[in-house]
Amino acid sequence: MPAPVLAPAILALSLLAAAPARSATHLPMPAHLAGAGATDKVALAARRYAAFWQSGDPALARLALADDFIDRTLPAGRPQGLAGPLQASQVFHAAVPDLQVAIEEMLVAGNRVSLRLHFTGRFTGVFPTPQGELRGQGQAIDFHAFDLYQVDAQGRISDNWHLEDNLALLRQLGVLAP
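Calculation criteria
Residues numbered from 1 in each chain as written. Predicted model: local features only at pLDDT ≥ 70, side-chain atom pairs only at ≥ 80, totals over all residues. Heavy atoms only, no water. Helix = DSSP H or I, 4+ residues; strand = E, 2+ residues; numbered from the N terminus. Contact = heavy atoms within 4.5 Å. Phe/Tyr/Trp six-rings, centres within 6.5 Å; stacked < 30°, edge-to-face > 60°. Buried < 20%, exposed > 50% of the residue type's maximum accessible area, 1.4 Å probe, protein only. Patch = residues over 30% accessible without salt bridge, like charges linked within 9 Å, V, L, I, M, F, W, Y side chains within 5 Å. Areas by Shrake-Rupley, 256 points an atom, 1.4 Å probe, with all protein chains shown as cover. Salt bridge = Lys/Arg side-chain N within 4 Å of Asp/Glu carboxyl O. Pairing = 2+ DSSP bridges. Axes fitted to C-alpha atoms, helices over the stretch in contact; angles between N-to-C directions.

Q: Sorry if this is basic, but what is going on with the side chain of threonine 129 here?
A: Position of threonine 129 among the secondary structure elements: in strand 5 (residues 126-129). Dropping the residues within four chain positions of it, threonine 129 is found in contact with Leu134 and Val175.

Listed below in structure tokens is the structure:
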């Protein structure tokens, strides 16, 4: 093979070998997307936040969330602001290291975006409970969540309202009986 043809092939292979198997900067694409401005910074903030939940990468949370971020449906025991999602993600990724997050629906309207999210993975790690640590046995995790975000002028989520199917999740983890 001539050298000019071989050089690009070698470069491409070296880039593939150097690339991680799952990039932390991969932004999930919504299966269904609707609304005016659906490709603007409002949608980008939502995709960055979904990528944070999937990867656990704090840099993605910092890109997605405003400095004055407020969780309007803050669960008991979770700190307000950026610290809350960072803590929750760390706990969840310790329990479900292969977590996948799909954006099944995204609707953008002005500076708000609503999402229907689908979380899947295997409980192979450790989940804290009031009775102590619960160790996973590889059971499937499969639940949905609904989020509504308000995005500020800088393209970062300032407010979040969310509902998760925690009953299904806790049953799948084995915290609650089926």
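Q: Could you clarify how one ought to interpret the packing of aromatic side chains in this entry?
A: The way to describe two aromatic rings as a pair is by their centre distance and the angle between their planes. Counted according to the given criterion, the structure contains seven aromatic pairs. Relative to phenylalanine 52, the ring of tyrosine 49 lies with its centre 5.9 Å away and its plane at 15 degrees, an arrangement referred to as stacked. With tyrosine 49 and phenylalanine 52 both in helix 2 (residues 41-55) and three residues apart, the pair spans about one turn of that helix. Both residues of the pair, tyrosine 49 and phenylalanine 52, belong to the buried class. Measuring from centroid to centroid gives 5.6 Å for tyrosine 49 and tyrosine 149, while their planes differ by 75 degrees, and the two rings are edge-to-face.

Q: Would you explain a nonpolar patch on the surface in this entry?
A: On the surface, Leu167, Val175 and Leu176 cluster together to form a nonpolar patch covering roughly 220 Å² of accessible area. By the secondary structure assignment, leucine 176 is in the segment after helix 5 (166-173).

Q: Even after reading the chapter, I still don't get the sheet that holds strand 3 (residues 100-109), so can you show me in this structure?
A: Whenever strands of a sheet pair, they do so through backbone hydrogen bonds, lying parallel or antiparallel. In space, the six strands of this open sheet follow the order 1-3-4-7-8-2, with mixed pairing throughout. Among the strands making up the open sheet, the edge pair consists of strand 1 (32-34) and strand 2 (65-71). Strand-to-strand twist in this sheet, taken as the mean axis angle between neighbours without regard to direction, amounts to 25 degrees. In the sheet, strand 4 (residues 112-123) pairs with strand 7 (residues 139-151) via twelve bridges, with the strands oriented antiparallel. Paired with arginine 122 across the bridge in strand 7 is alanine 140. Strand contacts of helix 5: strand 4, strand 7 and strand 8 (157-164), with the helix running at about 150 degrees to strand 7, the strand carrying the most contacts.

Q: Is there a simple way to think about the pattern of salt bridges in this case?
A: Where charged atoms of side chains with opposite charge meet at close range, the side chains can pair. Taken as a whole and judged by the stated rule, the model has six salt bridges. With its nearest N and O atoms 2.9 Å apart, the salt bridge here joins arginine 156 to aspartate 67. One end of the pair, arginine 156, is in the loop between strand 7 and strand 8; the other, aspartate 67, is in strand 2, with 89 residues separating them in the sequence. A relative accessible area of 21% places arginine 156 in the partly exposed class. Overall, the relative accessible area of 75% leaves aspartate 67 in the exposed class. Among the ionic contacts, a cluster of salt bridges with common partners joins Glu104, Glu105 and Arg116.

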